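A structural walkthrough
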Amino acid sequence: LMQELEEARNLQPAADGGDGAISPQAAAIALAASEAVQHARALQELEERHVEEVQRKETQIARGAEQRARDLENKDRLMEERIAEMAEECAVKEAELAEQLTQKDAQVAAVAATLNG
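Quick summary incoming for the structure in this document. Just so you know, the residues in each chain are numbered from 1, in the order the chain's sequence is written. Local features in this predicted model are restricted to residues whose pLDDT is 70 or higher, and side-chain atom pairs enter the listing and the counts only when it is 80 or higher, whereas totals over whole chains, interfaces and linings include all residues. Hydrogens and water molecules were not included; the side-chain quantities draw on all heavy atoms of the structure.

1. A short note on the overall build of the protein chain
Helix and strand definitions follow DSSP, with helices as H or I runs of at least four residues and strands as E runs of at least two, each counted in order from the N terminus. From N to C terminus, the protein chain includes 2 helices and 0 strands. Looking at the protein chain as a whole, 8% of its 117 residues are labelled buried. In short, Shrake-Rupley with a 1.4 Å probe defines the accessible areas, and a residue's cover is counted only from the protein chains shown. Of the accessible surface of the protein chain, which amounts to about 9,900 Å², a share of 57% is contributed by carbon and sulfur atoms. Here the term buried applies to any residue with accessible area under 20% of the maximum for its type, exposed to any over 50%, and partly exposed to those in between, with areas from a 1.4 Å probe on protein chains only.

2. Digging into the pattern of salt bridges
A pairing counts as a salt bridge when a side-chain nitrogen of Lys or Arg comes within 4 Å of a carboxyl oxygen of Asp or Glu. Considering all chains together, one arrives at 5 salt bridges under this definition. Here Glu-85 makes a salt bridge to Arg-82, at a shortest N to O gap of 3.3 Å. Separated by 3 residues within a single helix, Glu-85 and Arg-82 lie in helix α2 (residues 24-116), roughly one turn from each other. A salt bridge links Glu-89 to Arg-82, with the nearest nitrogen and oxygen atoms 3.7 Å apart. Assessed through its relative accessible area of 48%, Glu-89 is described here as partly exposed. Arg-82 gets classed as partly exposed once you look at its relative accessible area, which sits at 36%. Several salt bridges share partner residues, and in doing so they unite Glu-53, Arg-56 and Lys-57 into one network.

3. Let's talk about a negative patch on the surface
A cluster of acidic side chains, namely Glu-45, Glu-47, Glu-48 and Glu-52, defines a negative patch on the protein surface. Note on placement: Glu-47 falls in helix α2. For Glu-47, a relative accessible area of 53% gives the class exposed. Residues with no salt bridge and a relative accessible area higher than 30% make up the patches, which join like charges within 9 Å and nonpolar side chains (Val, Leu, Ile, Met, Phe, Trp, Tyr) within 5 Å. In this charge count, Lys and Arg are treated as positive and Asp and Glu as negative; neither His nor the chain ends contribute. To locate a charge, take NZ of a lysine, CZ of an arginine, CG of an aspartate or CD of a glutamate.

4. Description of α2
Between its first and last C-alpha, α2 extends 134 Å over 93 residues, near the 138 Å set by a 1.5 Å rise per residue. Restricting attention to buried positions, one finds in α2 the residues Ala-26, Ala-30, Ala-33, Ser-34, Val-37, Ala-40 and Gly-64. A helix is expected to reach a length of 1.5 Å times the quantity of its residues less one.

So, in structure tokens, the structure goes:
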């Protein structure tokens, strides 16, 4: 379309019938062709800017998604580390309680032996 409009605009000198005078109709056609070329260029520029804007937004969205994924991975890793720490703390406490229970059982057995004695 751009090429056809440009060609129509370039036909303006041939529209004078060879005498150098351009008819009003030919002038109107040439003006319309020139305006159409300008509008087509403006539309093309708008389309290019729109495509660039869409690509920029898509890039921003992709970067944001990647960042959210990294954040979630970090959060998961921290949560797993905390769960492992808590499991270790529970194991230590369980061992302490088992030791205390063993000592209490020994004390009860000693008291029972003394009483039965």
